[in-house]
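This is what each chain is made of:
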Number of protein chains: 2
Amino acid sequence: MAISMLRVATISCCHSQQPLNHSIYSSLFTFDETSKKNKKKMAVSCSSPSSELNPVIKSDVSFSVGTYLIPHPKKVDKGGEDAFFVSNYNGGVVAVADGVSGWAEEDVDPSLFPRELMANASNFVGDEEVNYDPQILIRKAHAATSSTGSATVIVAMLEKNGILKIANVGDCGLRAIRNGNVIFSTSPQEHYFDCPFQLSSERVGQTYLDAAVSSVELIEGDTIVVGSDGLFDNVFDHEIVSTIVRHRNVAEAAKALANLASNHALDSNFDSPYSLEARSRGFEPPLWKKILGMKLTGGKIDDITVVVGEVVSL
Amino acid sequence: MAISMLRVATISCCHSQQPLNHSIYSSLFTFDETSKKNKKKMAVSCSSPSSELNPVIKSDVSFSVGTYLIPHPKKVDKGGEDAFFVSNYNGGVVAVADGVSGWAEEDVDPSLFPRELMANASNFVGDEEVNYDPQILIRKAHAATSSTGSATVIVAMLEKNGILKIANVGDCGLRAIRNGNVIFSTSPQEHYFDCPFQLSSERVGQTYLDAAVSSVELIEGDTIVVGSDGLFDNVFDHEIVSTIVRHRNVAEAAKALANLASNHALDSNFDSPYSLEARSRGFEPPLWKKILGMKLTGGKIDDITVVVGEVVSL
């Protein structure tokens, strides 16, 4: 039986953020797909008209970029240990590197390696051998880096046709957002919890061959958010989306996201993505907190780098 | 200062799953990146030797596939409302569709649309116009589907060079796993919580143009897990990874994942990905549960489809 036109006319309800009522929970107090059939049916009757009726006209695109970096509170004097670069080469290049802090115990400044790595990556962006391949850019930048240290790194390169190529080593991250939805997300790579893959000055580290290589097709109006783990450990994806939706200016969006991450990082009661992940891995709060019935919560204090890129037509 | 060779010799520690001690939590009881510098340093000293020393030799690849479907307990008689197909065309094709249950209230069997959609997709796999593009496959399969109804859908097509192309409409999902790490993950698309994007027989639904289109480079030994939301709402990524690591046989892995999802779905105390997401969106438990200090927990009862594909050399 076809859905009536009356329902089709109720298009506006679909994008409201009204909370669902408790009828979605079954009498067994488990979530039951059948008990929320009305909610799913809403999609039948309330979704926006088929975009096939208004096909996207593709034109050449590039990034409009805003950036913001908040150093770890104890590392403000030297600007933290994150580094990044942004280039307008081709459709635009965004790269973030996060220095591994453990090197400080070896009397090595952990910021040196990621900064040189990013400087080298910036130099090689137009290199013929790189051929606009982010994995090869990582290989050449890594090979040219002589500082001692190690870093996680992500490189994202936009082609003018809208294809964004990504190479990622470790736990920096990228989200692509379209119409209030995350349509693409990188996955952190790690040896174990809190021990990410990383490029290193030493032979024991990872290389470009260990990068996760992926791509996603972007269109005008899409937004990417690239950052160090200081962002993604402290801010949920739905918070990233709502912040992007609220701030159309990319510089303001980057600043707002970095400030949100910083506020959450310093909030010992905030149930952050990092604390959720820790609990799901079986970590528990200190004994005194456990005795009081308190759970493991809190943000993660870290350097926070945020780059926001909006896809605009040329 | 260089890391000593002695540390390089301690390679084996890096892949053990030993829990971190509580020193990762700072005195403020927030997570502090500086307080876990030793953990990050472990990666400097304990990671596996550079894979550049043992470059991956690329040969043509394809999928070895195992599948398992557990219908919603109330829909067992008709086999549930999920549908899928697997093809060995080129490097291999995996597709899953999840029928929208709300159609039952319109006296429409919600399983008809996804089943016809999958049958049509299967027929068009080798179509010249499709040209091994999953988004075009969705377009043609959708256009050929005459049943009334709607469905979420994901199509993943492996090229023999290891590039996996993915088109996704809604909240089916895919994870790519390499050496115990999720290296790639799709993102669900939704209008709002529990209201996913969906292809429909009606003009108000989404189309192939609304698909999130992405790709990831896979190598021999990688594993993909493709499923309906019945899997991903009930099983965390780290559980998917550990299940894949435990079961080298793809059929056994698919069965184990489906059973895990089913057990979690029926467990009203399990803190599922779905309940976590609901809480992060501000949903609360029924009042009586709230008064007793109980939180919103439970799995989500649903059809569960799991397809596991291991990348093998030809």
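Below: a short report on this structure. Just so you know, these numbers come straight off a predicted model, no measurement behind them.

Turning our eyes to something else, we now look at the overall build of chain A. A count of helical and extended segments in chain A gives nine helices and 15 strands. Taking the intrachain contacts of chain A between residues at least 6 apart in sequence as the baseline, contacts between residues at least 24 apart amount to 70%. When the accessible surface of chain A is summed, it comes to about 12100 Å², and 53% of that surface belongs to carbon and sulfur atoms.

Another aspect to go through is the environment of Glu 128 of chain A. Residues and elements named next belong to chain A. Here Glu 128 lies in the loop between α3 (112-124) and α4 (134-144). By relative accessible area, Glu 128 is classed as exposed at 75%. Sequence spacing of Glu 128 and Val 76 is 52 residues, and the spatial spacing of their C-alpha atoms is 38 Å.

On the surface, a cluster of nonpolar side chains totalling about 310 Å² of accessible area is made up of Trp 288, Leu 292 and Met 294 of chain A. Within the secondary structure, Met 294 of chain A is located in the loop between α9 (287-291) and β14 (300-301).

Another aspect to go through is helix α8 (residues 273-280) of chain B. Those residues of α8 of chain B that fall on the buried side of the exposure criterion are Pro 273, Tyr 274, Ser 275, Leu 276 and Ala 278 of chain B. Count one or two residues on from α8 of chain B and you reach Gly 282 of chain B, which has phi positive near 100°.

Attention now goes to the pattern of salt bridges. All names here are of chain A. One pass over the full model with this rule turns up 28 salt bridges over all chains. Salt-bridge contacts for Arg 175 lead to Asp 237; the nearest nitrogen and oxygen are separated by 2.8 Å. One end of the pair, Arg 175, is in strand β7 (residues 173-178); the other, Asp 237, is in helix α6 (residues 237-246), and 62 residues separate them in sequence. A salt bridge links Lys 300 to Asp 302, with the nearest nitrogen and oxygen atoms 3.4 Å apart. The same class applies to Lys 300 and to Asp 302, which are both buried. Through salt bridges with shared partners, one network takes in Lys 75, Lys 78, Glu 81 and Asp 109.

Let us look at α3 of chain A. Residues and elements named next belong to chain A. The end-to-end C-alpha separation of α3 is 18 Å, in line with the 18 Å expected for 13 residues at 1.5 Å each. Buried residues of α3: Phe 113, Pro 114, Glu 116, Leu 117, Met 118, Asn 120 and Ala 121, and no others. Residues of α3 that are buried sit in contact with β3 (82-87), β4 (93-99), α4, β5 (150-158) and β11 (199-200).

Strand pairing within a sheet occurs via backbone hydrogen bonds; the two strands may be parallel or antiparallel. One open sheet holds the ten strands; their spatial order is β2(A)-β15(A)-β13(A)-β7(A)-β8(A)-β8(B)-β7(B)-β13(B)-β15(B)-β2(B), and the pairing between them is antiparallel. Every other strand in the sheet has two partners, leaving β2 (61-70) of chain A together with β2 (61-70) of chain B as the edge strands with one partner each. On average, adjacent strands in this sheet sit at an angle of 20° to one another, irrespective of strand direction. Where strand β13 (residues 223-227) of chain A and strand β15 (residues 304-313) of chain A come together, five bridges link them in antiparallel fashion. Of the residues in β15 of chain A, the one forming a bridge with Ile 224 of chain A is Gly 309 of chain A. Contacting β7, β8 (181-186), β13 and β15 of chain A, α6 of chain A crosses the sheet at an angle of about 55° to β7 of chain A.

We now examine the side chain of Asp 233 of chain A. Residue and element names in this part refer to chain A. Topologically, Asp 233 is positioned in the loop between α5 (229-232) and α6. On the basis of relative accessibility, which here comes to 16%, the residue Asp 233 falls in the buried class. When neighbours within four sequence positions are excluded, Asp 233 is seen to be in contact with Ser 272, Pro 273, Tyr 274 and Lys 300.

Of all hydrophobic cores here, the largest spans 42 residues; its most connected members are Leu 164 and Leu 218 of chain A together with Leu 164 and Leu 218 of chain B. Aside from chain neighbours lying at most four places away, what touches Leu 164 of chain B is Phe 63, Ala 156, Met 157, Leu 158, Leu 174, Ser 214, Ser 215, Val 216, Leu 218 and Ile 224 of chain B.

Looking at the second largest pocket, its volume works out to about 660 Å³. Around the second largest pocket, the lining comprises 29 residues; the ones closest to its centre are Val 213 of chain A together with Ile 163, Ser 215, Val 216 and Glu 217 of chain B. Where the lining of the second largest pocket is concerned, the elements lending two or more residues are α4, β6 (163-169) and β12 (212-217) of chain A together with α4 (134-144), β6 (163-169) and β12 (212-217) of chain B. Among the residues forming the lining of the second largest pocket, the class breakdown is 15 nonpolar, six polar and eight charged.

What follows concerns the packing of aromatic side chains. For the structure on display, the rule yields nine aromatic pairs over all chains. Their ring planes at 40° and their centres at 5.8 Å tell us that Tyr 89 of chain A and Tyr 132 of chain A sit as a pair that is tilted. One end of the pair, Tyr 89 of chain A, is in the loop between β3 and β4; the other, Tyr 132 of chain A, is in the loop between α3 and α4, with 43 residues separating them in the sequence. Using a relative accessible area of 8% as the deciding quantity, one classes Tyr 132 of chain A as buried. Ring centres of Phe 193 of chain B and Tyr 274 of chain B lie 5.4 Å apart, and the angle between their planes is 25°; on these two criteria the pair is classed as stacked.

Turning next to the side chain of Glu 159 of chain B. Residues and elements named next belong to chain B. Mapped onto the secondary structure, Glu 159 falls in the loop between β5 (150-158) and β6. Residue classification places Glu 159 among the buried positions, given a relative accessible area of 18%. Of the polar contacts made by the side chain of Glu 159, one reaches the side chain of Lys 165; its length is 3.0 Å. Setting aside its immediate chain neighbours within four residues, Glu 159 contacts Val 61, Asn 90, Tyr 132 and Lys 165.

Once that is clear, we can look at the state of the cysteines. Cysteine pairs can be covalently joined through their sulfur atoms, and such a bond is termed a disulfide. Residues and elements named next belong to chain A. By the definition in use, this model includes zero disulfides over all chains. With no disulfide of its own, Cys 172 lies 15 Å from the sulfur of Cys 195, the closest cysteine sulfur. On the basis of relative accessibility, which here comes to 2%, the residue Cys 172 falls in the buried class.

Residues and elements named next belong to chain B. With phi around 50°, Asn 131 is a residue other than glycine that occupies positive phi space. Within the element layout of this structure, Asn 131 appears in the loop between α3 (112-124) and α4. Of note, Asp 194 is a non-glycine position whose phi angle comes to about 75°, a positive value. For Asp 194, the position within the fold is in the loop between β9 (190-192) and β10 (195-196). For Asp 194, a relative accessible area of 8% corresponds to the buried category.

Packed helix pairs are characterised by how far apart their axes lie and by the angle those axes make with each other. Residue and element names in this part refer to chain A. Two numbers describe how α3 lies on α4: the axes approach to 8 Å, and their chain directions differ by 125°. On the basis of the axis angle, α3 is oblique to α4. Crossing angle aside, the handedness with which α3 passes α4 is right-handed. Each of Phe 113, Glu 116, Leu 117, Asn 120, Ala 121 and Phe 124 in α3 lies in contact with α4, whose residues at this interface are Leu 137, Lys 140, Ala 141, His 142 and Ala 144.

Residues and elements named next belong to chain A. Interaxial distance between α6 and helix α7 (residues 250-265) falls to 9 Å at its minimum, and their mutual angle equals 145°. Handedness of the α6/α7 crossing: right-handed. Contacts from Glu 239, Ile 240, Thr 243 and Ile 244 in α6 reach Ala 253, Ala 256, Leu 257, Leu 260 and His 264 in α7. Residue composition of the contact of α6 with α7, grouped by class: six nonpolar, two polar and one charged.

Conventions adopted
Residues numbered from 1 in each chain as written. Chains lettered and ligands numbered in written order. Predicted model: local features only at pLDDT ≥ 70, side-chain atom pairs only at ≥ 80, totals over all residues. Heavy atoms only, no water. Helix = DSSP H or I, 4+ residues; strand = E, 2+ residues; numbered from the N terminus. Contact = heavy atoms within 4.5 Å. Areas by Shrake-Rupley, 256 points an atom, 1.4 Å probe, with all protein chains shown as cover. Buried < 20%, exposed > 50% of the residue type's maximum accessible area, 1.4 Å probe, protein only. Patch = residues over 30% accessible without salt bridge, like charges linked within 9 Å, V, L, I, M, F, W, Y side chains within 5 Å. Salt bridge = Lys/Arg side-chain N within 4 Å of Asp/Glu carboxyl O. Expected span 1.5 Å × (residues − 1). Pairing = 2+ DSSP bridges. Axes fitted to C-alpha atoms, helices over the stretch in contact; angles between N-to-C directions. Core = buried A, V, L, I, M, F, W, Y, C linked by side-chain atoms within 4.5 Å. 1 Å grid on protein atoms, 1.4 Å probe; cavity = no way out; pocket = protein on both sides within 12 Å on 5 of 7 lines; lining within 4 Å. Points joined across faces, edges and corners; volume = space filled by probe spheres on them. Nonpolar A, V, L, I, M, F, W, Y, C, P; charged D, E, K, R; others polar. Phe/Tyr/Trp six-rings, centres within 6.5 Å; stacked < 30°, edge-to-face > 60°. Polar contact = N/O pair within 3.5 Å; in protein donor to acceptor, adjacent residues only side chain to side chain. Disulfide = S-S within 2.5 Å. Parallel < 35°, antiparallel > 145°, perpendicular 65-115°, else oblique. Left-handed = near helix turned anticlockwise from the far one by under 90°.

Just distances and angles here, no functional claims.
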